[in-house]
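Examining the three-dimensional arrangement
Each chain, written out:
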Amino acid sequence: MSGNILVVTEHLSGAFTDATFELLALARNLAGVSGAEVDAALIGNSVEGLVGELGVADRVLLIDDPALESFNPVGHTASVVSLVDATEPRVVLVPYTSTGMDIASHVSAQCGLPLVSYCQSVDASSAGLSATCQLYAGKLLADVEVDGDRAVFAMLSGAAPAADGRREGAPAVEARAAPPEAAASTTRFRALGEPEAGDVDITAQDVLVVVGRGIDSEDNIEEAVELAEVLGGAVAASRPIVDQGWLPKTRQVGKSGLTVKPKVYLALGVSGAPEHVEGMRDSSTIIAVNTDPHAPIFGVAHYGWVGDLFDILPELTDRIGG
Ligand SMILES: Cc1cc2nc3c(=O)[nH]c(=O)nc-3n(C[C@H](O)[C@H](O)[C@H](O)COP(=O)(O)OP(=O)(O)OC[C@H]3O[C@@H](n4cnc5c(N)ncnc54)[C@H](O)[C@@H]3O)c2cc1C
């Protein structure tokens, strides 16, 4: 065992995801405690140009091969397995994303390492490995101790600030050959689902005005759009609004939608079900308006107003826009 921390990086359309930088920041913190080195696994085709963004890592383990052009659960997983087998890290950090979930479970099974999922924090002291994990969409937190001295951790977003993991530099690069599974795989990547043309990216907004079932009808959404416009933000929604076809799927916040972290999250008529909160709990300032004083959304809101959203919505638009 090397004692190192291996971060499995993730990139889409030629750019690292925020999750990559969050994990690098987390790995650096863990390394500071244990004195370990941070390795970053970079897997893809013609990705060497990305190495300079991984300045937080001590070393980049690079597998660059045409067979790894797009994410492939067989090829990418086999690549990570080969790196784990060769370098024997103490800790493997994988983002808990759709691709990361594939990698984490396979690496765990194929390398014979325990897998701890839904982690919001990890500790790697000399006493052992442990993590705090969310259960039931965050309603419960479990402190988990690893049985053994090595493990794979699938990390939820927000484990560390992405800004702390962004640093340009020239870490040592160790290039390795792609495993045979990469070219032999019969699984083919078909397409990356992008937001509908012309729609906004709610994950990139500073201000979100979020409507829930309390908005009552599709026609009323226009009032929320007007408020979002005067605030310089965008409208997002809970799942029932999207299920009814009132807003596109690209506007849905939550477990089966998108995870957002705006500076201001204004929830109008949103109850705050765990599946919704999972996608917005890390917003900087959460403001909730709801007629029900016991609505769970008030449990995560920094500011709340018990009342009818239709009383406050036009008033806010007039005052801020006016
Ligand atoms: C596997 C799974 C995945 C899911 N994924 C998601 C997801 O990604 N995102 C998501 O949002 N949900 C998701 N859900 C659904 C989730 O469980 C809730 O059903 C949903 O979030 C509720 O949406 P809501 O808050 O808009 O509606 P409701 O729960 O019906 O709440 C409406 C709220 O509006 C308030 N209200 C009513 N009228 C007014 C008014 N005039 N003024 C102010 N307040 C008013 C009510 O008091 C109530 O609190 C998922 C569920 C499952 C099982």
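Higher on the page you've got the structure.
Report on the accompanying structure.

The rules behind the values
Residues numbered from 1 in each chain as written. Predicted model: local features only at pLDDT ≥ 70, side-chain atom pairs only at ≥ 80, totals over all residues. Heavy atoms only, no water. Helix = DSSP H or I, 4+ residues; strand = E, 2+ residues; numbered from the N terminus. Rg over C-alpha atoms; globule rule 2.2 N^0.38 Å. Buried < 20%, exposed > 50% of the residue type's maximum accessible area, 1.4 Å probe, protein only. Areas by Shrake-Rupley, 256 points an atom, 1.4 Å probe, with all protein chains shown as cover. Lys, Arg positive; Asp, Glu negative; His and termini not counted. Charge placed at Lys NZ, Arg CZ, Asp CG, Glu CD. Expected span 1.5 Å × (residues − 1). Arc of directions from axis to C-beta. Contact = heavy atoms within 4.5 Å. Pairing = 2+ DSSP bridges. Axes fitted to C-alpha atoms, helices over the stretch in contact; angles between N-to-C directions.

**A word on the overall build of the chain**
For the chain, the helix and strand inventory stands at ten helices and 16 strands. Relative to its length of 322 residues, the chain is compact, with a C-alpha radius of gyration of 22 Å against a globular reference of 20 Å. Along the three orthogonal principal directions, the C-alpha set of the chain runs to about 65 × 45 × 35 Å. Going through the 322 residues of the chain one by one, you find that 47% of them count as buried. Looking at the chain as shown, the accessible area adds up to about 15,000 Å², and 48% of this sits on carbon and sulfur atoms. Averaging the positions of the 19 positive and the 44 negative side-chain charges in the chain gives two centres separated by 4 Å.

**Here's the deal with helix α10 (residues 309-321)**
With 13 residues, α10 ought to run about 18 Å at 1.5 Å a step, and its terminal C-alpha atoms sit 18 Å apart, in line with that. Taken together, the buried positions of α10 are occupied by L309, I312, L313 and T317. Buried residues along α10 cover an arc of 130° about the axis, so they all sit on one side. Opposite the packed face of α10, turned more than 90 degrees from it, sit the exposed residues D311, D318 and R319. Summarising the contacts, the buried residues of α10 are in contact with α6 (221-231), β14 (264-268), β15 (285-290) and β16 (303-306).

**Description of the sheet that holds β14**
A sheet is described by the order of its strands in space; here five strands give the open sequence β13-β12-β14-β15-β16, paired in parallel fashion. The strands lining the two open edges of the sheet, one partner per strand, are β13 (234-237) and β16. Within the sheet, the average angular offset between the axes of one strand and its neighbour, ignoring direction, is 20°. In this sheet, β15 lies alongside β14 in parallel orientation, the contact comprising five bridges. Bridge assignment links V264 to a residue of β15, and that residue is T285. Across the sheet, α6 lies against β12 (207-211), β13 and β14, angled at about 170° from β12, the strand it touches most. The strands touched by α10 are β14, β15 and β16; relative to β14, the strand with the most contacts, the crossing angle is about 135°.

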